[in-house]
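Fold and contact review
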Amino acid sequence: INTCTSEFIVGADVVVVMDESASMFFAQEFSKQLITDLEAGLIASGIGVEQGNRYGLVGFGGFDSAPRSIPVGGNGSLFGTSTEYVIAADNLTDDGFEEDGWAAITHTLDNYQFRPSAAKFIVLVSNEDRDQIRNENQGAIIARLQAEGVRLNSILDITIQDANRAFPFLALDNQTRVYKENGVG
């Protein structure tokens, strides 16, 4: 995945891909403050000062299960400001039951136009394992994320186990290494 420094990027393009199942209300509300704080941190670091940072929102796992773009900006634009994100997040639902995060990531890559010179991020937020609604090839999606320079980050409320089914762990990286609490942060 490409790395960028604040000297070479025009801003950040961040799309939150949010689970819309019945247990996600508090995470949806949390995302409003997350984006507000992220914007403040980016600006303080000099990222997006001149050309702005853009935020998008995709809901998945709602009543009809299919991923959907939720316009954030004016005139139905998929990207908008952090302030517009906070307002758009009120259009998320919490009435779903089938969550396919991989389908939602594909939907995001297919429908959101990331700026070539922006730092590009998808933030997947869920508390469920995958309910496969489409036949998505995970390897192909990862390869596409890498080819397009999009970083995938996740906020997950799940139990992570290692190959020996030992748990609990705090995180899992892209090399399938697990990390446990060590008491020092």
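Refer to the preceding data block for the structure.
We now turn to the structure provided with this report. (Residues numbered from 1 in each chain as written. Predicted model: local features only at pLDDT ≥ 70, side-chain atom pairs only at ≥ 80, totals over all residues. Heavy atoms only, no water.)

Take the overall build of the chain next. Each helix and strand counted, the chain has four helices and seven strands in total. By the burial criterion, 41% of the 185 residues in the chain qualify as buried. Look at the contacts in the chain between residues 6 or more apart in sequence, and 73% of them connect residues 24 or more apart. For the chain, the accessible surface area stands at approximately 10400 Å², while carbon and sulfur atoms represent 51% of it. (Helix = DSSP H or I, 4+ residues; strand = E, 2+ residues; numbered from the N terminus. Buried < 20%, exposed > 50% of the residue type's maximum accessible area, 1.4 Å probe, protein only. Contact = heavy atoms within 4.5 Å. Areas by Shrake-Rupley, 256 points an atom, 1.4 Å probe, with all protein chains shown as cover.)

Tallied over the entire structure, the rule returns two aromatic pairs. Ring centres of Phe79 and Tyr112 lie 5.5 Å apart, and the angle between their planes is 85°; this geometry places the pair in the edge-to-face category. Here Phe79 is found in the loop between strand 3 (68-69) and helix 2 (82-88), whereas its partner Tyr112 is found in the loop between helix 3 (101-111) and strand 4 (119-126), with 33 residues between them in sequence. We classify Phe79 as buried; its relative accessible area is 9%. (Phe/Tyr/Trp six-rings, centres within 6.5 Å; stacked < 30°, edge-to-face > 60°.)

Counted according to the given criterion, the structure contains seven salt bridges. Between Arg115 and Asp13 there is a salt bridge, with the nearest N and O atoms lying 2.7 Å from each other. Residue Arg115 is located in the loop between helix 3 and strand 4, and its partner Asp13 is located in strand 1 (residues 12-19); the two are separated by 102 residues in the primary sequence. For Arg115, a relative accessible area of 15% corresponds to the buried category. Given a relative accessible area of 0%, Asp13 falls into the buried group. Ionic pairing is found between Glu20 and Arg68, a salt bridge with its closest N-O pair at 2.7 Å. On the criterion of sequence distance, the pair formed by Glu20 in the loop between strand 1 and helix 1 (25-44) and Arg68 in strand 3 is long-range, its members being 48 residues apart. Arg68 gets classed as partly exposed once you look at its relative accessible area, which sits at 29%. Three or more residues are tied together by salt bridges with common partners; here these are Asp13, Arg54 and Arg115. (Salt bridge = Lys/Arg side-chain N within 4 Å of Asp/Glu carboxyl O.)

Burial within helix 3 is extensive, with nine of its eleven residues counted as buried. When we look at burial in helix 3, the residues that qualify are Gly101, Trp102, Ala103, Ala104, Ile105, Thr106, His107, Thr108 and Leu109.

The next thing to look at is the nonpolar core. By size, the foremost hydrophobic cluster in this structure holds 20 residues, and its most contacted members are Val16, Met18, Tyr55, Leu57, Tyr85, Leu92 and Val125. Elements with a minimum of two residues in this core: strand 1, helix 1, strand 2 (54-60), helix 2 and strand 4. Looking at this core, the element that brings in the most residues is strand 1, giving four residues. Contacts of Val16, omitting those with residues within four sequence positions, involve Ile35, Gly56, Leu57, Val58, Tyr85, Val123 and Val125. (Core = buried A, V, L, I, M, F, W, Y, C linked by side-chain atoms within 4.5 Å.)

Counting buried positions along strand 1 yields eight of eight residues, so the element is predominantly enclosed. Covered by surrounding structure in strand 1 are Ala12, Val14, Val16 and Met18 together with Asp13, Val15, Val17 and Asp19, the residues of both alternating faces. Summarising the sheet, strand 1 and strand 4 pair through seven bridges and their orientation is parallel. Its bridge partner lying in strand 4, Val16 is registered against Val123. Here strand 1 pairs with strand 2 via seven bridges, running parallel. Residue pairing for strand 2: Val14 is matched across the bridge by Tyr55. (Pairing = 2+ DSSP bridges.)

This part is about unusual backbone geometry. The phi torsion at Asn75 lies on the positive side, around 55°, for a residue other than glycine. Summarising the element assignment, Asn75 is placed in the loop between strand 3 and helix 2.

So, to be careful, I would describe these as geometric facts and stop short of saying anything about function.
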